[in-house]
Amino acid sequence: MDDGAARGGARASGSGREATDHAELHFLLLHYLRSLPTADAADAFEREATAHGLLPRRPDPFGHEHAQTYEEMRAKYPHVAPDHLARLVGLAASETPAGRDLA
């Protein structure tokens, strides 16, 4: 099995909830950055994420994993809105006492 932690695919467990896939988080972050008027920042993050294999990988029919580009991820998940990450952060903040003060 490959080492997902090296490419950002490490899974972090929290309070018994489903683990967070860091590669998916990187996709959501890039998707959010692409929605902002900061094209250079989005381009830089995409270059770094691609170079370091931080975006989600896809298995082929033989069980081997392959890198995916941001555009492939966008096409695969058209239902994910650019503000999806911001909404998730807002939801998480609203469910914690300290977060309610921030939301």
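Residues numbered from 1 in each chain as written. Predicted model: local features only at pLDDT ≥ 70, side-chain atom pairs only at ≥ 80, totals over all residues. Heavy atoms only, no water.

Chemist: Even after reading the chapter, I still don't get the packing of aromatic side chains, so can you show me in this structure?
Modeler: Both the distance between ring centres and the angle between the ring planes are used here to describe each pair of aromatic rings. Taken as a whole and judged by the stated rule, the model has 2 aromatic pairs. Ring centres of Phe27 and Tyr70 lie 6.0 Å apart, and the angle between their planes is 40°; on these two criteria the pair is classed as tilted. One end of the pair, Phe27, is in helix H1 (residues 22–34); the other, Tyr70, is in helix H3 (residues 70–76), and 43 residues separate them in sequence. Each ring, one from Phe27 and one from Tyr77, has its centre 6.5 Å from the other, and the planes form 50°; the classification is tilted. Note that Phe27 is positioned in helix H1 and Tyr77 in the loop between H3 and helix H4 (84–94), a separation of 50 residues in sequence. (Phe/Tyr/Trp six-rings, centres within 6.5 Å; stacked < 30°, edge-to-face > 60°. Helix = DSSP H or I, 4+ residues; strand = E, 2+ residues; numbered from the N terminus.)

Chemist: Hey, could you run me through the side chain of Gln68 in this one?
Modeler: Looking at the element boundaries, Gln68 is found in the loop between strand E4 (65–67) and H3. Looking at Gln68, its side chain comes within polar contact range of the main-chain oxygen of Pro56, at 3.2 Å. (Polar contact = N/O pair within 3.5 Å; in protein donor to acceptor, adjacent residues only side chain to side chain.)

Chemist: Could you clarify how one ought to interpret the nonpolar core in this entry?
Modeler: Nonpolar side chains tend to gather and get buried jointly when the protein is soluble and globular. Listed in full, the 10 residues of the largest apolar core are Phe27, Leu28, Leu30, Ala49, Leu54, Leu55, Tyr70, Met73, Val80 and Leu85. Elements that contribute at least two residues to this core include exactly H1 and H3. For this core, the element with the most residues is H1, which contributes 3 residues. If we skip the residues at most four places from it in the chain, Leu28 touches Val80, His84, Leu85 and Leu88. (Core = buried A, V, L, I, M, F, W, Y, C linked by side-chain atoms within 4.5 Å. Buried < 20%, exposed > 50% of the residue type's maximum accessible area, 1.4 Å probe, protein only. Contact = heavy atoms within 4.5 Å.)

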